[in-house]
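# Topology and contacts: notes
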Amino acid sequence: MIVQISSGQGPEECELGVALLLRALQKEFPDIEILSEHTGKEKGCYRSILFSTEADLSFLEGSVQWICKSPYRPHHQRKNWYMDVSVVPEVKNVTIEGEIRSETFHSGGKGGQNVNKVETGVRLTHVPSGITVTSTAQRSQYANKMDAMNKLNVILAGQTEYARASQAKDAWQEHTKIIRGNPVRIYEGKKFIPKRTEKREGAGNI
């Protein structure tokens, strides 16, 4: 699954929230792999981050609220900052086959002895941009190639959309609009402590 965390048109505090949310999710889901990122105004902050994981994070789609006094503007009255989490659907036909260099390797890890005997891991490089993605989650080389191709397509499509958005600000604002009501998660303070978590089958509160 490919997921995007975005600060939308929010200020620096929301961009910091994106970084803190990613860090919190990485503790819950250690297999998270960063695919692309757009840095924010302050060091260590992000306007958006795109990542992949084997976990089903569809329960997190929506807005995440962070309640904290601004670390950048001490006298600012606002304490509620919002980030958006969205699942990115598969993207087709973005890359051109001749622009992609494919490599295989022994992926190791889970999947039985087959992954250690056969080069099931796949690494794809988009030659014009230099973007490289890998996939080892599946047991077959073909399945990993399809997974890697989807990751690459999503990254390239995202970059194209981001470039277009820079030229059409209104379209970008619509694309990154965050719904601030009924957040799926709430965090508090500089330590980003969870206040409330969503209910999902087979999972407890953090």
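### Structural notes on the side chain of Ser52
Positionally, Ser52 belongs in strand β3 (residues 46-52). Excluding residues within four positions of it along the chain, Ser52 makes contact with Met1, Ile2, Asp31, Ile32, Glu33, Leu35 and Lys151.

### Some points on the pairing of strand β4 (residues 62-67)
Each regular strand shows side chains that alternate between the opposite faces of the sheet. Bridging between β4 and strand β5 (residues 80-88) involves six bridges; their strand directions are antiparallel. Across the sheet, residue Ser63 finds its bridge partner in β5, namely Asp84. Looking at chain direction, β4 and strand β9 (residues 185-188) are connected through four bridges and run parallel. By the bridge assignment, Gln65 is partnered in β9 with Ile186.

### What about the pattern of salt bridges?
Opposite charge on two side chains allows them to pair when their charged atoms are near. Following the criterion strictly, the structure yields five salt bridges and no others. The closest approach of N and O atoms between Glu15 and Lys41, which form a salt bridge, is 3.4 Å. With Glu15 in helix α1 (residues 12-28) and Lys41 in the loop between β2 (33-39) and β3, this pair connects stretches of sequence that are 26 residues apart. When its relative accessible area of 57% is taken as the criterion, Lys41 is described as exposed. In this structure, Lys151 and Asp147 form a salt bridge, with 3.7 Å as the shortest nitrogen-oxygen distance. Taken together, the residues span about one helical turn, with Lys151 and Asp147 both in helix α3 (residues 141-167) at a distance of four residues. Taking relative accessible area as the criterion, Lys151 reaches 6% and is therefore assigned buried. Given a relative accessible area of 23%, Asp147 falls into the partly exposed group. A single salt-bridge network, built from bridges that share partners, covers Glu33, Asp147 and Lys151.

So, how was this worked out
- Residues numbered from 1 in each chain as written.
- Predicted model: local features only at pLDDT ≥ 70, side-chain atom pairs only at ≥ 80, totals over all residues.
- Heavy atoms only, no water.
- Helix = DSSP H or I, 4+ residues; strand = E, 2+ residues; numbered from the N terminus.
- Contact = heavy atoms within 4.5 Å.
- Pairing = 2+ DSSP bridges.
- Salt bridge = Lys/Arg side-chain N within 4 Å of Asp/Glu carboxyl O.
- Buried < 20%, exposed > 50% of the residue type's maximum accessible area, 1.4 Å probe, protein only.

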